[in-house]
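As a plain string of letters, each chain reads:
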Amino acid sequence: MDDAMTALPLVFDAPRRTKPPRHLADLTREEARAAVTELGQPAFRADQLSRHFYAGVTDPALMTDVPAAARESLAAALLPGLLTPVRHQSADGGRTRKTLWRLHDGALVESVLMRYPDRATVCISSQAGCGMACPFCATGQSGLTRNLSAAEIIGQAVAAAAAMASGEIPGGPGRLSNVVFMGMGEPLANYARVRKTLDALLTPAPHGLGLAQRSVTVSTVGVVPAIRKLTEEGLNITLAVSLHAPDDELRNTLVPINTRWNVAEVLEAADAYARRTGRRYSIEYALIRDINDQPFRADLLGKLLSTRLAHVNLIPLNPTPGSKWDASPLPAQREFVARLRAAGVPTTVRDTRGSDIDGACGQLAAADQVDGVPSVAVPVPAVEEAVPLGAESDQA
Ligand code: SAH
């Protein structure tokens, strides 16, 4: 282990900050109708606003079914712009695009849209920063700034859907098909807002994004009580658990929450989710050279998972600034995969899409840049074309 790695405390409670302005996407349909009525407008205008929001319409002038005199005031009251794009960075011929968003209080978060031949996935943030302190993750090293509101999380997915629909992503107009909570933050440490976001993602258009349950993935370090709560929701979304080590001794250092809920407990909670949904869960495992990639750990992991309804998604470590850790070399990766498969565990290796623009797993660290970002936003689109990635096939 690298002793130079700072050991940060686990932080579950987000610092209280000024709340973002009220937004329609934070409200239930009834609350939105009541809010519109209070503004002296008929309740059905809430539905009109909702339709525009989920269609990605942000300019009140385009909300032509709302009387011109009421557009500006309704939009200002219920559709405030919560996410201001600071810049886009593109890679892979424009098919991977990372967006840095500034929130109302200056906090910064990132989301990454990845277009593949058969689908388009957006990786969204649920918190500004993260309190889970995983030493190999750039976000984890920045600490927790605050929880995002539901509207701030939903807005990232809506923006991605709008970008796909508009045709601005190479490949022609398309549809956002997948959402993964693998951006900044621990989604299950911001449970209520993430739960609301799931409703918005799954609700059919025009009052949601109409995504299929299996196309939405919540990734967690293993907040066991929250996994149990999610199990009781009656949802069938995909659950991903960031394991990164099969043994408690190593996992205590790589995923510090393990000191609270250990490997056996987190797998038991994931098993219960799988039993309830009948759906396989994902085990995420970042392969870190000489840290967790030894053949004996592959065998341990294989033994742990061979009887479970789980598959393993290996992620060659994406380097983060200041870390001495490296991705496992290819032969070690291949050996790890072979041993897991020999144990009967379905195993895939995730591609590192977006790593050239620090947009790959664990590289989102916008909070680090809060002080460094100029106060005048860089005009958007300011697409910086990065070197195209030699992307392998993604299995995320
Ligand atoms: N907090 C959630 C979601 C965040 S990140 C979670 O931990 O699951 C999504 C995945 O990227 C997690 O499995 C995380 O452990 C992994 N990850 C973090 N840093 C990484 C890095 N530097 N290289 C590869 N994967 C990393």
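Preceding this paragraph is the structure being described.
As a starting point, this report considers the structure included with it. Predicted, not measured: the structure shown is a model, and the values here were computed from it. (Residues numbered from 1 in each chain as written. Predicted model: local features only at pLDDT ≥ 70, side-chain atom pairs only at ≥ 80, totals over all residues. Heavy atoms only, no water.)

Take the overall build of the protein next. Broken down by element type, the protein carries 11 helices and 13 strands. By the compact-globule yardstick of 21 Å for 396 residues, the protein fits well, its C-alpha radius of gyration being 21 Å. Seen along its three principal axes, the alpha-carbon backbone of the protein occupies a region of about 70 × 45 × 40 Å. Here the protein, with 396 residues, has 56% of them falling under the buried criterion. Of all intrachain contacts in the protein linking residues separated by at least 6 positions in sequence, the fraction that spans at least 24 positions is 69%. Carbon and sulfur atoms make up 53% of the accessible area of the protein, which amounts to about 16500 Å² in all. Separation of charge centres in the protein, based on 40 positive and 42 negative side chains, amounts to 5 Å. (Helix = DSSP H or I, 4+ residues; strand = E, 2+ residues; numbered from the N terminus. Rg over C-alpha atoms; globule rule 2.2 N^0.38 Å. Buried < 20%, exposed > 50% of the residue type's maximum accessible area, 1.4 Å probe, protein only. Contact = heavy atoms within 4.5 Å. Areas by Shrake-Rupley, 256 points an atom, 1.4 Å probe, with all protein chains shown as cover. Lys, Arg positive; Asp, Glu negative; His and termini not counted. Charge placed at Lys NZ, Arg CZ, Asp CG, Glu CD.)

Here the focus is the packing of helix H1 (residues 29-38) against helix H2 (residues 44-54). Their axes nearest at 7 Å, the elements H1 and H2 cross at an angle of 115°. Between H1 and H2 lies a crossing of right-handed hand. Judged by residue contacts, Arg29, Ala32, Arg33 and Val36 of H1 engage Phe44, Arg45, Ala46, Asp47 and Leu49 from H2. (Axes fitted to C-alpha atoms, helices over the stretch in contact; angles between N-to-C directions. Left-handed = near helix turned anticlockwise from the far one by under 90°.)

Of all seven residues in strand S10 (residues 281-287), seven are buried; the element is thus mostly enclosed. Here S10 shows a buried face lined by Tyr281, Ile283, Tyr285 and Leu287 and a second buried face lined by Ser282, Glu284 and Ala286. Here three bridges tie strand S9 (residues 238-242) to S10, and the two strands are oriented parallel to one another. Paired with alanine 240 across the strands is serine 282, a residue of S10. Relative to strand S11 (residues 310-316), S10 runs parallel, the two sharing seven bridges. Residue pairing across strands places glutamate 284 opposite asparagine 313, the latter belonging to S11. (Pairing = 2+ DSSP bridges.)

With that settled, the discussion passes to the site of the ligand. Neighbouring residues of the ligand: 20 residues in total, closest Phe136, Ser219, Ser242, His244 and Asn318. Take serine 219: an N or O atom from its side chain is 2.6 Å from an oxygen atom of the ligand. Protein chains shield 97% of the accessible area of the ligand, which is 530 Å² for the free molecule. Those elements that place two or more of their residues in the shell around the ligand are strand S8 (216-220) and S10. (Near = heavy atom within 4 Å. Polar contact = N/O pair within 3.5 Å; in protein donor to acceptor, adjacent residues only side chain to side chain.)

Glancing now at the side chain of glutamate 110. Within the secondary structure layout, glutamate 110 lies in strand S3 (residues 108-115). Within the local environment of glutamate 110, its side chain forms a polar contact with the side chain of lysine 98, the two groups lying 3.3 Å apart.

Counting buried positions over the five residues of S9 gives five, a clear majority of the element. Side-chain alternation along S9 places Thr238, Ala240 and Ser242 on one buried face and Leu239 and Val241 on a second face that is also buried. In terms of strand pairing, S8 meets S9 through four bridges, oriented parallel. The residue bridging valine 218 from the neighbouring strand is leucine 239, located in S9. In this region the chain leaves S8, passes through helix H7 (residues 224-231) and returns to the parallel neighbour S9; the handedness of that crossover is right-handed. (Right-handed = clockwise from strand over helix to strand, strands pointing away.)

Bringing the environment of leucine 74 into the picture now. Structurally, the position occupied by leucine 74 is in helix H3 (residues 68-78). Sequence spacing of leucine 74 and glycine 40 is 34 residues, and the spatial spacing of their C-alpha atoms is 10.0 Å. Excluding its chain neighbours within four sequence positions, the residues that come into contact with leucine 74 are Val36, Leu39, Gln41, Arg45, Leu49, Val66 and Leu79.

On to the state of the cysteines. In total, this model carries zero disulfides according to the counting rule given. The thiol of cysteine 130 is not disulfide-bonded; the next cysteine sulfur, from cysteine 137, is found 6.5 Å away. (Disulfide = S-S within 2.5 Å.)

Attention shifts here to the pattern of salt bridges. Pairs may arise between side chains of opposite charge once their charged atoms sit close together. Inspection of every chain in the model, using the stated rule, returns 16 salt bridges. As a salt-bridge pair, arginine 350 and glutamate 284 come within 3.5 Å of each other at their nearest N and O atoms. A residue pair is termed long-range when its members are at least 10 positions apart, and arginine 350 in the loop between strand S12 (347-349) and strand S13 (384-385) and glutamate 284 in strand S10 qualify at 66 residues. (Salt bridge = Lys/Arg side-chain N within 4 Å of Asp/Glu carboxyl O.)

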